[in-house]
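Survey of secondary and tertiary structure
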Amino acid sequence: MIPSLKGSRLATALASALLLLGAVTACGSGSGATATAPAADPAAAPKSGAFPVTVAHKFGSTTIASEPKRIVTVGLTDQDAVLALGKVPVGTTDWLGGYAGAIGPWATGKLGGAAAPVMLTDTGTGPQVEKIAALAPDLIIALYSGLTKEQYETLSKLAPVVAQPKEYNDYGIPWQQQTQTVAKVLGKEAEGTRLVGDVEAAFAAAKKEHPEFAGAGVVVATPYEGFFVYGSQDSRSRTLTSLGFTLPADLDKVIGDQFGASISKERSDLLDGDAIVWTVPDTAKDPATLHKDGVYKDLKVATQGREVFIGESSDYGKAFSFVTVLSLPYVLDRLVPQLAAAVDGDTATEVKQPES
């Protein structure tokens, strides 16, 4: 499991506070730039001569000799890239709960009428090897994961395994690289490039519409064991920096080589930027609780209403934590208007919750 995810509250914290309607109509985008989910061509065949392909990763490299037909995703969000590229995994790994086959509503339209994948569960002891074996995979994808070398070697006895990249922390692969790596192993690199370009264009449009985001300080946090903040290699933080925001200069130094960590009250200054994005269990009650905290309540980010609150168990909250080529368009439609209200300089501006 993800480092430090012990107990359901922290699991939810990473889920919300770590990353629906994909096939359903998105609603209430407000004044922000509207992002349309990228559409892959399910009928697009792998490029002629695409195989074999070799992918480098944390434990060496893996070669895929031919087009995979039976894919199991061990990475907690890897299924979205597979679906976006026109393939339906035979097995997925549950993370946030509540969705059949671990397919969020932002991605269900990509099933194309196919049954939801078999859903596996990693309770902290690693992938369910026997259940994965029963699915007879010809490829196992573990990009957004914390796979150990031992687990990698065990799974490699079943099928080629594409593990997490070595250049990032576990669970730190950017969504662009995740998408492009999956595209490579599926023989659809051109399609992967197009999908990434479409979502990056949505980010660019939002940045153009909101120049006030450029250089504004922000941090993503959740009220777990005090104040839990996310570092620069966490996918949620990258969503904000991709919109032009900047993270505190010494954030990574404070939290260490992790996706995030609880900070001391003495470092509450990390929270006091131009905006803060909170993922919380209850958007109706938790803001008031935070505003009673002896340290937080006096920070300018709190007194001047520069806060964005996202319900961690909502579809929006789960999509915010997922951070994939399919979930990001859904998130941008909701997050951009909230951020615009938070940094507009007017304390009277309400940062409204999305209508859906």
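Residues numbered from 1 in each chain as written. Predicted model: local features only at pLDDT ≥ 70, side-chain atom pairs only at ≥ 80, totals over all residues. Heavy atoms only, no water.

**Focus: the sheet that holds strand β11 (residues 275–280)**
- An order of β10-β9-β8-β11-β12 is seen for the five strands of this open sheet, with the pairing classed as mixed. With one partner strand each, in any of the chains shown, β10 (260–263) and β12 (307–311) form the two edges of the open sheet. Each neighbouring strand pair of the sheet contributes to a mean axis angle of 30 degrees, computed without reference to strand direction.
- With four bridges joining them, strand β9 (residues 227–230) and β10 adopt antiparallel strand pairing. Looking at the pairing, V229 lines up with A261 of β10.
- Packed onto the sheet, helix α7 (residues 235–242) meets β8 (218–222), β9 and β11 and runs at close to 155 degrees relative to β8.
- Lying over the sheet, helix α12 (residues 327–342) contacts β11 and β12, oriented at roughly 150 degrees with respect to β12. (Pairing = 2+ DSSP bridges. Helix = DSSP H or I, 4+ residues; strand = E, 2+ residues; numbered from the N terminus. Axes fitted to C-alpha atoms, helices over the stretch in contact; angles between N-to-C directions. Contact = heavy atoms within 4.5 Å.)

**Some words on the packing of aromatic side chains**
- Summed over the entire model, instances satisfying the criterion amount to 14 aromatic pairs.
- Taking 6.3 Å as the distance between ring centres and 70 degrees as the angle between the ring planes, the aromatic pair formed by Y224 and F228 counts as edge-to-face.
- Summarising the aromatic geometry, the rings of F227 and Y296 are spaced 6.1 Å apart at their centres and angled 55 degrees between planes, so their arrangement reads as tilted. You can see F227 sitting in strand β9 and its partner Y296 sitting in the loop between α9 (286–290) and α10 (300–303), a full 69 residues away along the chain.
- Among the aromatic residues, those joined into a cluster by ring pairs are W95, Y99, W106, Y144, Y171 and F322.
- The ring of Y230 carries R236 above its face, with NZ or CZ at 4.6 Å from the centroid. (Phe/Tyr/Trp six-rings, centres within 6.5 Å; stacked < 30°, edge-to-face > 60°. Lys NZ or Arg CZ within 6 Å of the ring centre and 35° of its normal.)

**Description of the environment of T289**
- Mapped onto the elements of the fold, T289 is located in helix α9.
- Along the backbone, T289 and P223 are 66 residues apart, and their C-alpha atoms lie at a distance of 9.8 Å.

**Observations concerning empty space enclosed by the protein**
- Here the largest cavity defines a volume of roughly 50 Å³.
- Surrounding the largest cavity, L76, Q79, T93, D94, W95, L96, G97, Y99, A102, I103, G104 and F322 form its lining.
- Partitioning the lining of the largest cavity into residue classes produces seven nonpolar, four polar and one charged.
- Each pocket or cavity is described by its volume, and for the second largest cavity that value is around 40 Å³.
- Around the second largest cavity, the lining residues are V74, T93, L120, T121, D122, P127, Q128 and I132.
- Looking at the lining of the second largest cavity residue by residue, the class counts come to four nonpolar, three polar and one charged. (1 Å grid on protein atoms, 1.4 Å probe; cavity = no way out; pocket = protein on both sides within 12 Å on 5 of 7 lines; lining within 4 Å. Points joined across faces, edges and corners; volume = space filled by probe spheres on them. Nonpolar A, V, L, I, M, F, W, Y, C, P; charged D, E, K, R; others polar.)

**Topic: the confidence of the model for the protein**
- The predicted model of the protein has a mean per-residue pLDDT of 88, with 87% of residues at 70 or higher.
- Here residues 1–43 is modelled with pLDDT under 50, and outside its nearest four sequence neighbours on either side it reaches 144 contacts, counting other chains as well. (pLDDT = per-residue confidence, 0-100.)

**A word on helix α11 (residues 315–322)**
- By the criterion of burial, α11 is predominantly enclosed, with seven of the eight residues buried.
- Looking only at α11, the buried set comprises Y316, G317, K318, A319, F320, S321 and F322.
- Count one or two residues on from α11 and you reach V323, which has phi positive near 50 degrees. (Buried < 20%, exposed > 50% of the residue type's maximum accessible area, 1.4 Å probe, protein only.)

**Some points on unusual backbone geometry**
- The amide bond that connects F51 to the next residue, P52, takes the cis arrangement and shows omega of 5 degrees.
- Residue placement: P52 occurs in the loop between α1 (8–17) and β1 (53–57).
- Although it is not a glycine, Y171 sits at a positive phi angle of roughly 60 degrees.
- Along the chain, Y171 falls in the loop between β7 (161–162) and α5 (175–185).

**Some thoughts on the packing of α11 against α12**
- At their nearest, the axes of α11 and α12 sit 9 Å apart, and the two run at 110 degrees to each other. With respect to α12, the element α11 is oriented roughly perpendicular. In the crossing of α11 with α12, the sense of the turn from one axis to the other is left-handed. Note on element contacts: α12 touches α11 through S327, Y330, V331, R334, L335 and Q338, opposite D315, Y316, A319, F320 and F322.
- Its residues assigned to classes, the contact of α11 with α12 shows seven nonpolar, two polar and two charged. (Parallel < 35°, antiparallel > 145°, perpendicular 65-115°, else oblique. Left-handed = near helix turned anticlockwise from the far one by under 90°.)

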